[in-house]
Amino acid sequence: MIRWYDVKRTTSKGTYSKIRNVELYSADWLEIDLATPGTLGVEVLYKVDVLADVEFLKVKGTINDADWTNIKQMTNLVGLDLSEAQCSSVPNSLFDGHGALSHVTLPEGLTSIGEYAFRGTNIVELNIPSTVKTIGNYAFSKTRLTQIGFPQSSNLTTIGDYAFYDTGLTTYTMPYVKDIGDYAFFSTNISTVSFNKLTSIGKYAFSECNNLPSITITTNTAIGEGAFSNCNKVTE
């Protein structure tokens with residue numbers, strides 16, 4: 001997997017700008033096996049000078065609030081692999097504005113993604129674990145996200161206001177979501193949408209989605225003001 005990014009970095013070795021083609025090889029990753037929740041910062045600082053030096057991190061074990069605080073301080077993080085971690089939620093504003101972040105793997109068992117959690121990052125693709133039930137307001141807004149995947153067994157029910165606002169998202173297929181917030185997909189490149197059990201669509205949720213030719217929803221869905229306004233290709 002390869003991602004481009006252009007960022008300014010401040011690390012223990014100085015401040016510099018970088019344009020780089022990132023290739024995610026296993027040797028790049030700093031792997032931390034947490035025997036005790038809350039010790040991530042200590043474990044990482046055995047291996048680097050400051051937390052901002054970490055670019056690729058893989059965490060195994062249970063993550064608590066103190067660990068999330070340390071992860072948030074890794075301001076130059078490019079890749080985060082939590083596939084073998086245990087946590088119930090991604091905190092609000094965890095990576096808000098972290099422009100270097102481009103690769104994230106989330107764990108099964110996660111139930112919520114907080115408000116502003118990944119806003120303004122460089123994530124392009126992401127798989128949402130089947131256990132996630134809610135995606136918070138602004139969670140992925142203003143990212144480079146183009147693809148988001150859900151397993152057939154997904155438990156997602158709620159997508160918050162502005163959750164995917166102003167992203168490059170092109171396809172969304174999630175049969176069981178129930179509620180979509182205001183402006184959730186506003187001004188995206190989405191061209192395929194399919195829902196089976198949707199109960200409500202917030203105001204302007206799909207407004208300005210100019211690549212959207214059609215949408216499939218149930219007859220009992222409550223549709224908010226301007227939900228599909230200025231979708232020039234929508235025919236049905």
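Student: Now, about the sheet that holds strand β5 (residues 79–86): what can you tell me, with residues and values included?
Tutor: A sheet is described by the order of its strands in space; here 4 strands give the open sequence β3-β4-β5-β7, paired in parallel fashion. One side of each edge strand has no neighbouring strand; the edge strands of this open sheet are β3 (30–33) and β7 (103–105). On average, each strand axis in the sheet is inclined to that of its neighbour by 10°, with strand direction left out of account.

Student: Can you explain the packing of aromatic side chains? Please cite residues and give values.
Tutor: The tally for this structure, following the rule as stated, stands at 14 aromatic pairs. Seen in terms of ring centroids, Tyr-162 and Tyr-165 are 5.4 Å apart; in terms of plane orientation they differ by 70°. Their pairing is edge-to-face. Their ring planes at 5° and their centres at 5.0 Å tell us that Phe-185 and Phe-206 sit as a pair that is stacked. Taken together, the residues Phe-185 in the loop between β14 (179–180) and β15 (192–194) and Phe-206 in the loop between β16 (200–201) and β17 (222–223) connect sequence positions 21 residues apart. Residue class for Phe-185 comes out buried when judged on its relative accessible area of 0%. Here the aromatic residues Phe-95, Phe-118, Phe-140, Phe-164, Phe-185, Phe-206 and Phe-228 are joined through ring pairs into a cluster of three or more.

Student: Which residues make up the pairing of β5, and what values do they have?
Tutor: By the bridge criterion, 6 bridges tie strand β4 (residues 56–62) to β5 in an arrangement that is parallel. Bridging across to β5, Lys-58 finds its partner in Asp-81. For the crossover that starts at β4, traverses helix α2 (residues 65–72) and ends in the parallel β5, the hand is right-handed. In this sheet, β7 lies alongside β5 in parallel orientation, the contact comprising 3 bridges. Residue pairing in the sheet places Leu-80 in a bridge with Val-104 of β7.

About the cut-offs
Residues numbered from 1 in each chain as written. Predicted model: local features only at pLDDT ≥ 70, side-chain atom pairs only at ≥ 80, totals over all residues. Heavy atoms only, no water. Pairing = 2+ DSSP bridges. Helix = DSSP H or I, 4+ residues; strand = E, 2+ residues; numbered from the N terminus. Axes fitted to C-alpha atoms, helices over the stretch in contact; angles between N-to-C directions. Phe/Tyr/Trp six-rings, centres within 6.5 Å; stacked < 30°, edge-to-face > 60°. Buried < 20%, exposed > 50% of the residue type's maximum accessible area, 1.4 Å probe, protein only. Right-handed = clockwise from strand over helix to strand, strands pointing away.

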